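A closer look at the structure
Take a look at the letters that make up each chain.
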Amino acid sequence: MTPSKAVFYVMPPTRPVSLDLPPQLASWDRHDAPAQHRLTAFVDHVYALIGDQLCRLPDPLGLQLEVGLPVGQALLDQRDLDNYLFPLASRLRRRSGRTFAMVSGTKRHASRSSVQVATASVAFAAEPLYSLRTSASHTSERYKQQIYDQLRGTSPLPAGAVELDLSFTVGSGRTWLNLWKPTIDALGPLLGQDDPKRHWHPRDGRITRLGLHSQVDAALGYDVLIAVRAAPVA
């Protein structure tokens, strides 16, 4: 039996830790490229600040990154939040051996960025806007197509900044962090897309608050349930 309710977490109102290095985007360059060195230095910096907490806090574990961008830098175009969150969460996971139940991020114009790790708590169980189900490998186009088809005909959110929460219910064989990017890539009907023929290029740069949540249900096998909440930023 699969859970009837998706889970959404919130972080406690504790003070985040200010960062001395700017957050770094995911890089697909060679391991010795400058972007990779900057990313490694950033993760090392974060781990030095929160590593002790990360290793001793009880589950469910939450990670939150607040990205401060210089004034004048485009806020709603590119610099996708999942591309900041994925390399940080995945490398911290490998380094600490801890699994995150929630990873969230914001971006705004600010002079500093910050990070927070804490034990998350379950939020009020409001109904999601959309409930989706997939069965394909996240590395295949079929995974994205299944999500896109279930959202086909959806009216895109109005222009401007968007807040998005995705709750994944996965079987024990799935690594839920790997589902973030292909899922968001398939949200064109909801986020809008500049070219309707390019399905996997939504306007996801306009997501200024992103919450990613997970729970495990071994009965799902390799199927994934995805609950979607999305709204314009007030």
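Criteria and cut-off values
- Residues numbered from 1 in each chain as written.
- Predicted model: local features only at pLDDT ≥ 70, side-chain atom pairs only at ≥ 80, totals over all residues.
- Heavy atoms only, no water.
- Buried < 20%, exposed > 50% of the residue type's maximum accessible area, 1.4 Å probe, protein only.
- Helix = DSSP H or I, 4+ residues; strand = E, 2+ residues; numbered from the N terminus.
- Pairing = 2+ DSSP bridges.
- Right-handed = clockwise from strand over helix to strand, strands pointing away.
- Core = buried A, V, L, I, M, F, W, Y, C linked by side-chain atoms within 4.5 Å.
- Contact = heavy atoms within 4.5 Å.
- Phe/Tyr/Trp six-rings, centres within 6.5 Å; stacked < 30°, edge-to-face > 60°.

1. Considerations on the pairing of strand S4 (residues 100-109)
Regular strands place side chains that alternate from one sheet face to the opposite one. Among the ten residues of S4, seven are classified as buried, and the element is accordingly described as predominantly covered. Bridge analysis of strand S3 (residues 61-69) against S4 gives nine bridges, and the strand direction is parallel. For Leu61, the partnering residue across the bridge sits in S4 and is Phe100. This β-α-β element, S3 to helix H2 (residues 81-96) to S4, shows right-handed connectivity. Strand direction decides the pairing type here: S4 and strand S9 (residues 207-216), joined by five bridges, are antiparallel. Directly across from Ser104, in S9, lies its bridge partner Gly211.

2. Topic: the nonpolar core
Membership of the largest hydrophobic core comes to 53 residues, with the highest contact counts inside it found for Leu92 and Phe168. Ranked by residue count, the leading element in this core is helix H1 (residues 34-56), at seven residues. Setting aside anything within four residues of it in sequence, one finds Leu92 in contact with Val43, Val46, Tyr47, Ile50, Leu54, Leu63, Gly97 and Phe100. In this structure, Val7, Tyr9, Ala101 and Ala118 belong to the second largest nonpolar core, which totals seven residues.

3. Here's the deal with the packing of aromatic side chains
Under the definition given, this model contains four aromatic pairs. Here Phe86 and Trp180 contribute two aromatic rings whose centre-to-centre distance is 6.2 Å and whose plane-to-plane angle is 85 degrees, an arrangement assigned as edge-to-face. With Phe86 in helix H2 and Trp180 in helix H4 (residues 180-185), the pair connects residues that are 94 residues apart, well separated along the chain. Residue Phe86 is classed as partly exposed on the basis of its relative accessible area of 30%. Between the aromatic rings of Tyr148 and Trp200, the centroid separation amounts to 5.8 Å while the plane-to-plane angle is 90 degrees, which identifies the pairing as edge-to-face. Here the residue Tyr148 occupies a position in helix H3 (residues 141-151), and Trp200 occupies one in the loop between helix H5 (188-191) and S9, the gap between them amounting to 52 residues. For the residue pair Tyr148 and Trp200, the accessibility class agrees, reading buried in each case.

Keep in mind these values describe shape, not function.
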